[in-house]
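# Inside the fold
Each chain, written out:
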Amino acid sequence: MDTFVAWILRAIPFGTIIMYGALGEIVTEKSGNLNLGVPGIMYLGGFAGFASAYIYENNAANPNMLLCVLLSLVCAFAAAMAGGLIYSFLTISLRANQNVTGLALTTFGMGVANFFGVYILDGRTATQSLVYKTFQTKLPVLSQWGVIGQTVFGYGFMVYAAVVLAFLLHAVLNRTRVGLNLRAIGENPATADAAGISVTRYKYLATCLGAGISGLGGLYYVLDYNQGIWATTGQIEALGWLAVALVIFTTWKPINAIWGSYLFGTLYWLYQFLPTLLGISVPGYVTDLIQMVPYIVTIVVLVVTSLRKKREDQPPASLGLPYFREER
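One structure accompanies this document, and this report is about it. These figures come from a predicted structure and were not determined experimentally.

Let's shift gears to a nonpolar patch on the surface. Taken together, the side chains of Ile86, Phe89, Leu90, Leu94 and Phe108 present a nonpolar region at the surface, about 440 Å² in accessible area. Of all the elements, helix H3 (residues 65-93) adds the most residues to the nonpolar patch, at three residues. Structurally, Leu94 can be placed in the loop between H3 and helix H4 (98-121).

This is the structure we're talking about:
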């Protein structure tokens, strides 16, 4: 039982990072923009949140942890939105290729974040910000309810915020006029434009807002999952690409991002806990094969989804296609 609890406690935070990135990209892609710069945007959000907390704590005589948390959240969201704004300006206003721009944004975000991250460390290999303890604070009382308390309520507030955000985005996209307009633009921007919907405004807002949400995934990685340590191992980039893949896995539905991200997190750590649960020892090559399971599952889901060809499981019809009003 202890091994199972440890497995869940490892999988849920891991999946939460991917969930933030996927939710942000879902919002972006609903507008018809394909932003492959998610990894770079997550880097920007993680660095901005880390740097703001670090600078505040080291310059305030008596730092207020609540203010520090709010500052890191705002700075992470704003920095990630700035990355989304760069992408929007290049692809919407200047009509640059979306794929190339997204890849360039990934390289840019990684480079900027790692350069200034190491600069802030002032030559040290790592540094810790006390704010991570606030991010990791578990729900009082509820987290003490035995196994259920540990596995359901034993996480920081950003885990539960991600779940709430998924339900909120689902409601907005399916129950509001704003969501209907956004989906219409993603399906057929020319028709939406003819109906009086501002395609450019919606694309800008959706892309920037989606980038801001993805940036929170980078913040969560640094100040909770990685315990306030800025690392240059490149794992944020890997998680960012997984978030992009999860968008397809969830068939562009925010609710599916909840179970999809947690499933991926569970399968990702399968190699570490499965031998203990089964009470057996496995050779190294078997461990390597087990580590392939989450990616194999993703491929299988993508193949099945493609073969079924259900319209509600397909991407927005204009995804990745530029819209020029003059060519309408």
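Following the criterion strictly, the structure yields 14 aromatic pairs and no others. Centre to centre, the rings of Phe115 and Phe116 are 5.0 Å apart; their planes meet at 85°, and the pair counts as edge-to-face. Of the residues examined, Phe116 reaches a relative accessible area of 38% and is grouped as partly exposed. Connected via pairs of aromatic rings, a cluster forms that spans Tyr43, Phe47, Phe50, Tyr54, Phe115, Phe116 and Trp230. The ring of Trp269 carries Arg10 above its face, with NZ or CZ at 4.6 Å from the centroid.

With respect to the helices and strands, the residue Gln150 is situated in helix H6 (residues 146-153). When its relative accessible area of 38% is taken as the criterion, Gln150 is described as partly exposed. Separated by 87 residues in sequence, Gln150 and Glu237 place their C-alpha atoms 29 Å apart.

So, about the nonpolar core. Most often, soluble globular proteins keep nonpolar side chains buried together rather than apart. Counting residues in hydrophobic clusters, the biggest one holds 73 residues, and the most contacted among them are Ile18 and Leu23. Ignoring anything within four residues of it in the chain, the contact list for Ile18 reads Leu239, Leu242, Ala243, Leu246 and Phe264.

Before going further, it helps to examine the environment of Ile17. Following the sequence through the fold, Ile17 ends up in helix H1 (residues 2-30). In the structure, Ile17 is positioned 123 residues away from Pro140 in sequence and 23 Å away in space, judged by C-alpha atoms. When sequence neighbours within four positions are dropped, the list of residues in contact with Ile17 reads Met42, Gly217, Tyr220, Tyr221, Tyr225 and Leu239.

Inspection of helix H8 (residues 177-187) places Gly179, Asn181, Leu182, Ile185 and Gly186 among the buried residues, and these make up the whole buried set. Down the axis, H8 shows its buried residues gathered within 160° of arc, on one side only. Looking at H8, the residues exposed on the side facing more than 90 degrees away from the buried face are Arg177 and Leu180. Next to the buried residues of H8 lie H1, helix H7 (157-175), helix H9 (189-194) and helix H10 (199-225).

A few words on the side chain of Thr28. Assignment of secondary structure puts Thr28 in helix H1. In this structure Thr28 touches Asn33, Asn35, Ala206, Thr207, Gly210 and Ala211, once residues within four positions along its chain are discounted.

Here is what the cut-offs are and how they apply
- Residues numbered from 1 in each chain as written.
- Predicted model: local features only at pLDDT ≥ 70, side-chain atom pairs only at ≥ 80, totals over all residues.
- Heavy atoms only, no water.
- Patch = residues over 30% accessible without salt bridge, like charges linked within 9 Å, V, L, I, M, F, W, Y side chains within 5 Å.
- Areas by Shrake-Rupley, 256 points an atom, 1.4 Å probe, with all protein chains shown as cover.
- Salt bridge = Lys/Arg side-chain N within 4 Å of Asp/Glu carboxyl O.
- Helix = DSSP H or I, 4+ residues; strand = E, 2+ residues; numbered from the N terminus.
- Phe/Tyr/Trp six-rings, centres within 6.5 Å; stacked < 30°, edge-to-face > 60°.
- Buried < 20%, exposed > 50% of the residue type's maximum accessible area, 1.4 Å probe, protein only.
- Lys NZ or Arg CZ within 6 Å of the ring centre and 35° of its normal.
- Core = buried A, V, L, I, M, F, W, Y, C linked by side-chain atoms within 4.5 Å.
- Contact = heavy atoms within 4.5 Å.
- Arc of directions from axis to C-beta.

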